[in-house]
Amino acid sequence: MLYKWTTVSTLSTLLANLVLENKHTAQWPACFIQRLSPDIVVDCLLPLLSVEEVICLRRVNKLFFLLTQEPIVWQRILRRLAIPTPPLSTKFRPGVKLPDHEAEELVTRAITVDDRFRDANTMLHTSFKLAIPEIALELKLLLGGKYLVASVARRRNTGRTYALAIMNVEAHESEPKTTAALSEDLESRAYCLDAKFMRYHGEDGIMISHVRRFWSPDPQAIGTEYELDEQPQINLDEQVYDAYSGEKYPQEFECECTFISIVDLERAMDPHAKAQIGARNIFRPVRQYWSALRIYDPALYSLHERPHVSFTEQPRYTLTSQPPDRVVFLPIESDTAPSVLICNKIQARATWMHRVRQLRVLPGQNQVLIVRTVYHPQFRNEHAIELYNLPPKGRTALYTSNQLVFLTRDGVMRNFHLSDFYLPPTYTVSNNQDRYPPISIYMVANRPQTVLHYLLWPTRTQGTTDNANWIYDLSGSIVPQSGREADSDINLRLLPGVHRALVWGHEFSDRRESPSTLVFQRYICRQRGPPRTDWQDKSQEPMLARGRKEIPQLNIFAYLQNVNVNTFPEFFEKGIASISWDESIGRACAVCGDSNVITVMDIAKTDGM
């Protein structure tokens, strides 16, 4: 945790003693528990109570009302909850004292998110519209649900210009709900956004990674001669990212990392302090990487407390050429060459085409988890999950996987998703977990239209008991959870989480960038554990007197009752162009095609108990 309180706050102590003193002065009958010091009540008695009992005690009198609002009371409850909870941190600047009610708010959110997702009739608690000056193209909500990063476009007489923007979702006017977005102009559209709280050269802030693309200015890049003015008259920024232009007109791709200091961000968003920093740009480009190969799925991570970004470089496959994918690990703080991993082909399938579909770096064990598809020329494709060692610093290495498990050999998998659990450097796990959380593996198939879900559970290394020695091991730890088959004409899309997910779909024939939505559902994992003795079932909740709601066995996929064509007509008419969420607090942000209005949806209760 960031801070450790050993006694109750001075103000609450003074007020509590004053209440007791007034009672004795007036010779009021006081129960024996009120004769105890506030420290004893907070440190010895309240930790023995459930959440409901603490709330009931709050209603007894002013003394217990004050004592049950102590932050340390709710921080202890957070650490003891078995329900997945957000990391305990400040919603403001990392390193400053927590607001008094934040811990209680996190408990409220954790319990209500868990209850609502386990309810067969899941509903949103609240929602509101947030208008920004620019058109939002892609969204990324940061941990905690306060800051939202967006790739935006501005309308100009000569066309569109593009920028990166960041905004405070919680700082808006009441009516109409509008917010100012801080932005940085870009030469072209930003794709594949990722953003995390990270530390850059010892400074706390937000790291943003994105990919841009350009027509290649080098005619020799493909060995053919053509003049630059012969480039196709096509605006790449108006095309989907996967659009291919042909070998005659090559493209270049740039992965850029931008850093924003938390101190500068808060000053820029503070109307009183904004005049002090003037027009200084808070966006600091810190690392660029150029490639002639298409860059997919950049993901930020921290290795040895240093920021890095990983992504896949994928060449175009042909019938005669099948070059391997390159997995790049790029350090952000230095200009050293990146480390590159080339995955060796699986034995007995060396003549088949292999493609990396998704990856997740596991910094705690210096390995990377990779999902690959093996394309069979005649039969069904095979999908495997593998563990590789990270390559040496600044070197290119051809590795064979340490472990390999085939997930399925059926279906045409269109998309793969891996959940991403990470902790910023100034954050700490809220509840006292005895192990790392599982990694969720989602697969979206085309034929038939299906969502499959697996959990990769962590394994404890032999002879150890502390949390740092839990690792992800593929042997006997991948457990199928559930699947959903949709109508044949519905194209399913998914927003992944560790324990939960949001699923929506549109007509399979609708090829627009923002197709009209037909279904919008929530998914809750059944939490099936591995057949091992070291796995502990956390389906029960000792901190709730009523216990934890049971997972519905027949409605793990269920419609959000108040998300329909009447309440959100823009979703079902214009479609969802981009959506991002923070699973731990139950907040999702979505935007429709060619719109500057962001819809903020809260599944959890947002106020205190």
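Residues numbered from 1 in each chain as written. Predicted model: local features only at pLDDT ≥ 70, side-chain atom pairs only at ≥ 80, totals over all residues. Heavy atoms only, no water.

Trainee: Outline the nonpolar core, listing residues and values.
Mentor: By size, the foremost hydrophobic cluster in this structure holds 40 residues, and its most contacted members are Leu502, Phe520, Phe571, Ile579 and Met601. What Phe520 contacts, discounting residues up to four positions off in sequence, is Leu502, Val503, Trp504, Tyr559, Leu560, Val563, Ile576, Ile579 and Met601. Val51, Leu57, Val73 and Trp74 belong to the second-largest nonpolar core, a separate cluster that totals 24 residues. (Core = buried A, V, L, I, M, F, W, Y, C linked by side-chain atoms within 4.5 Å. Buried < 20%, exposed > 50% of the residue type's maximum accessible area, 1.4 Å probe, protein only. Contact = heavy atoms within 4.5 Å.)

Trainee: Describe helix H5 (residues 71-80), with residues and values.
Mentor: The element H5 is largely enclosed, with a buried count of seven among its ten residues. Tucked inside the fold, the buried residues of H5 contact helix H2 (38-45), helix H3 (51-58), helix H4 (62-67) and helix H6 (102-118). (Helix = DSSP H or I, 4+ residues; strand = E, 2+ residues; numbered from the N terminus.)

Trainee: With reference to specific residues and values, describe the packing of aromatic side chains.
Mentor: Tallied over the entire structure, the rule returns eleven aromatic pairs. Arranged with centres 5.1 Å apart and planes meeting at 40°, the rings of Tyr191 and Tyr241 form a pair that is tilted. Of this pair, Tyr191 sits in strand S5 (residues 191-200) while Tyr241 sits in the loop between strand S6 (203-215) and strand S7 (251-261); the two residues are 50 residues apart in sequence, bridging distant segments of the chain. Between Tyr241 and Tyr296 the ring centres are 6.0 Å apart and the planes differ by 85°, which places this aromatic pair in the edge-to-face class. Linking Tyr241 in the loop between S6 and S7 with Tyr296 in strand S9 (residues 294-303), this pair joins segments that are 55 residues apart in sequence. (Phe/Tyr/Trp six-rings, centres within 6.5 Å; stacked < 30°, edge-to-face > 60°.)

Trainee: Can you lay out a nonpolar patch on the surface for me, pointing to particular residues and giving the numbers?
Mentor: Side chains of Ile33, Leu36 and Ile40 sit close together on the surface and give an oily, nonpolar patch of about 200 Å² of accessible area. Inspection of the secondary structure puts Leu36 in the loop between helix H1 (10-25) and H2. The exposure class assigned to Leu36 is partly exposed, which follows from its relative accessible area of 32%. (Patch = residues over 30% accessible without salt bridge, like charges linked within 9 Å, V, L, I, M, F, W, Y side chains within 5 Å. Areas by Shrake-Rupley, 256 points an atom, 1.4 Å probe, with all protein chains shown as cover. Salt bridge = Lys/Arg side-chain N within 4 Å of Asp/Glu carboxyl O.)

Trainee: Let's hear about the sheet that holds strand S11 (residues 326-331): which residues, and what values?
Mentor: Sheet architecture is open: five strands sit in the order S9-S10-S11-S12-S16, paired in mixed fashion. Two strands bound the open sheet, and with one partner strand each, they are S9 and strand S16 (396-399). This sheet shows a mean twist of 20° between the axes of neighbouring strands, independent of strand direction. Looking at chain direction, strand S12 (residues 339-343) and S16 are connected through four bridges and run parallel. Its bridge partner being in S16, Ile342 is matched across the sheet by Leu398. (Pairing = 2+ DSSP bridges. Axes fitted to C-alpha atoms, helices over the stretch in contact; angles between N-to-C directions.)

Trainee: Now, about helix H7 (residues 262-269): what can you tell me, with residues and values included?
Mentor: Listed in full, the buried residues belonging to H7 are Ile262, Asp264, Leu265, Glu266 and Ala268. Here H7 starts with a cap whose side-chain oxygen sits 3.3 Å from the backbone nitrogen of Val263, and that cap is Ser261. (Polar contact = N/O pair within 3.5 Å; in protein donor to acceptor, adjacent residues only side chain to side chain.)

Trainee: Run through the pairing of strand S15 (residues 382-389), naming residues and quoting values.
Mentor: With seven of its eight residues buried, S15 lies for the most part within the structure. Pairing geometry for strand S14 (residues 367-375) and S15, over eight bridges, is antiparallel. What sits directly across from Gln367, in S15, is Asn389. Here S14 hands over to S15 after six residues, the two strands then running antiparallel side by side.

Trainee: Could you give me a rundown of the sheet that holds S15, with the residues and numbers involved?
Mentor: Taken together, the four strands give an open sheet; going across it, the order is S13-S14-S15-S17, and neighbouring strands pair in antiparallel fashion. Bordering the open sheet on either side are strand S13 (353-362) and strand S17 (403-408), each of which pairs with just one other strand. On average, each strand axis in the sheet is tilted by 25° relative to the strand beside it, whichever way the strands run.

Trainee: Give me the lowdown on the packing of H5 against H6, citing residues and values where you can.
Mentor: Interaxial distance between H5 and H6 falls to 7 Å at its minimum, and their mutual angle equals 35°. Judged by the twist between their axes, the crossing of H5 over H6 is left-handed. For the pair formed by H5 and H6, the contact residues are Pro71, Trp74, Gln75, Ile77 and Leu78 on the first element and Ala103, Glu104, Leu106 and Val107 on the second. Partitioning the contact of H5 with H6 into residue classes produces seven nonpolar, one polar and one charged. (Left-handed = near helix turned anticlockwise from the far one by under 90°. Nonpolar A, V, L, I, M, F, W, Y, C, P; charged D, E, K, R; others polar.)

Trainee: I'd like a description of the environment of Asp602, backed by residues and values.
Mentor: Turning to its location among the elements, Asp602 is positioned in strand S30 (residues 595-602). Sequence separation between Asp602 and Ile585 is 17 residues; the distance between their C-alpha atoms is 8.2 Å. Excluding residues within four positions of it along the chain, Asp602 makes contact with Arg109, Leu124, His125, Thr126, Phe128, Gly586 and Arg587. A distance of 2.9 Å separates the side chain of Asp602 from the side chain of Arg587, its partner in a polar contact.

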